Amino acid sequence: MKLLVVHQHYVVKDYQEFLIAAAKQNPDLDIEILCPTVFPINEKVKAEALDQDVVPLHTLPAPFAKDGKQHLFFFIGLGKLLDTLRPDVVWAQAPNSIVTAQVCYHCKKRNIPVILLRFTNQRRDYKKMYGLLNPRHYLYPFCRSYTYKNSMGIVAIDDLVTDVVRWEGFTGKILRSEERRVGKEC
């Protein structure tokens, strides 16, 4: 099975260690990473693979990523890369982000299942947080609704996250992190 993990934090080599360990423990699982070419995490970080032979790292240009806009960036060339890599499953984070909505859109067109991963246990009502003239008032709820409707499930790390995800309107399957076995649930 080929799993493509999409997230901006994998520009940092330390973040890749978990995926490398998972790939080594699950030889039938082919894990690859997609992240922006450059993303600032305290400082601008150019993406580099920790172990390209075990977990290949792919990068794409991502407008706004270089400025650290983690929910407002998107990839250029995502559809072509998905056609080339042909993953069986895509694992994406941040259900309220443009890039995750973009991933869900392209995967839906190609009949590739998407699993979301959620860490945040804060209830965010974007319509109350941002005024009517702020694009985030509309954009974040739209992206969250779209990704929730177009994913096969979400991994929630604990009960608080599960409660928030349900409060936000997710009606799909919730996988709890203690139930998750890389390569087994996918």
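Computed from a predicted model, the values in this text were never measured in an experiment.

### Some details on the confidence of the model for the protein chain
Turning to step 1, where the next piece is worked out: Mean pLDDT over the protein chain: 83, with 85% of residues reaching 70 or higher.
Turning to step 2, where the next piece is worked out: Within the protein chain, the element-level pLDDT minimum falls on strand S4 (residues 43-46), averaging 58, and the maximum on helix H2 (residues 78-85), averaging 97.
Turning to step 3, where the next piece is worked out: Confidence over residues 179-186 falls short of pLDDT 50; this stretch has 16 contacts with residues more than four positions distant or in other chains.

### Structural notes on the sheet that holds strand S9 (residues 173-176)
Turning to step 1, where the next piece is worked out: Here we have seven strands laid out as an open sheet, ordered S5-S2-S1-S6-S7-S8-S9, and parallel in their pairing. Edge positions in the sheet fall to strand S5 (57-60) and S9, since each has one partner strand and no second. Across the sheet, the mean angle from the axis of one strand to that of its neighbour is 25 degrees, orientation sign disregarded.
Turning to step 2, where the next piece is worked out: Relative to S5, strand S2 (residues 30-36) is paired through four bridges, and the arrangement is parallel. Each bridged residue has a counterpart across the sheet, and for Pro36 the counterpart in S5 is Leu60.
Turning to step 3, where the next piece is worked out: Where helix H6 (residues 159-167) meets the sheet, it contacts strand S7 (114-118), strand S8 (153-156) and S9, and its direction lies at approximately 165 degrees from that of S9.

### Things to note about the packing of aromatic side chains
Turning to step 1, where the next piece is worked out: Under the definition given, this model contains four aromatic pairs.
Turning to step 2, where the next piece is worked out: Taken together, a centroid distance of 6.0 Å and an interplanar angle of 25 degrees make the contact between Phe142 and Tyr146 stacked. Here the residue Phe142 and the residue Tyr146 both occupy positions in helix H5 (residues 136-149), the gap between them amounting to four residues, near one helical turn.
Turning to step 3, where the next piece is worked out: For Tyr146, a relative accessible area of 19% puts it in the buried group.

### Quick notes on the layout of surface pockets
Turning to step 1, where the next piece is worked out: Its volume calculated, the second largest pocket comes out at about 170 Å³.
Turning to step 2, where the next piece is worked out: Looking at the second largest pocket, it is lined by 10 residues, and the ones nearest its centre are Tyr10, Phe18, Gln93, Leu117 and Phe119.
Turning to step 3, where the next piece is worked out: Split into classes, the residues belonging to the lining of the second largest pocket amount to six nonpolar, three polar and one charged.

What counts, and at which threshold
Residues numbered from 1 in each chain as written. Predicted model: local features only at pLDDT ≥ 70, side-chain atom pairs only at ≥ 80, totals over all residues. Heavy atoms only, no water. pLDDT = per-residue confidence, 0-100. Helix = DSSP H or I, 4+ residues; strand = E, 2+ residues; numbered from the N terminus. Contact = heavy atoms within 4.5 Å. Pairing = 2+ DSSP bridges. Axes fitted to C-alpha atoms, helices over the stretch in contact; angles between N-to-C directions. Phe/Tyr/Trp six-rings, centres within 6.5 Å; stacked < 30°, edge-to-face > 60°. Buried < 20%, exposed > 50% of the residue type's maximum accessible area, 1.4 Å probe, protein only. 1 Å grid on protein atoms, 1.4 Å probe; cavity = no way out; pocket = protein on both sides within 12 Å on 5 of 7 lines; lining within 4 Å. Points joined across faces, edges and corners; volume = space filled by probe spheres on them. Nonpolar A, V, L, I, M, F, W, Y, C, P; charged D, E, K, R; others polar.

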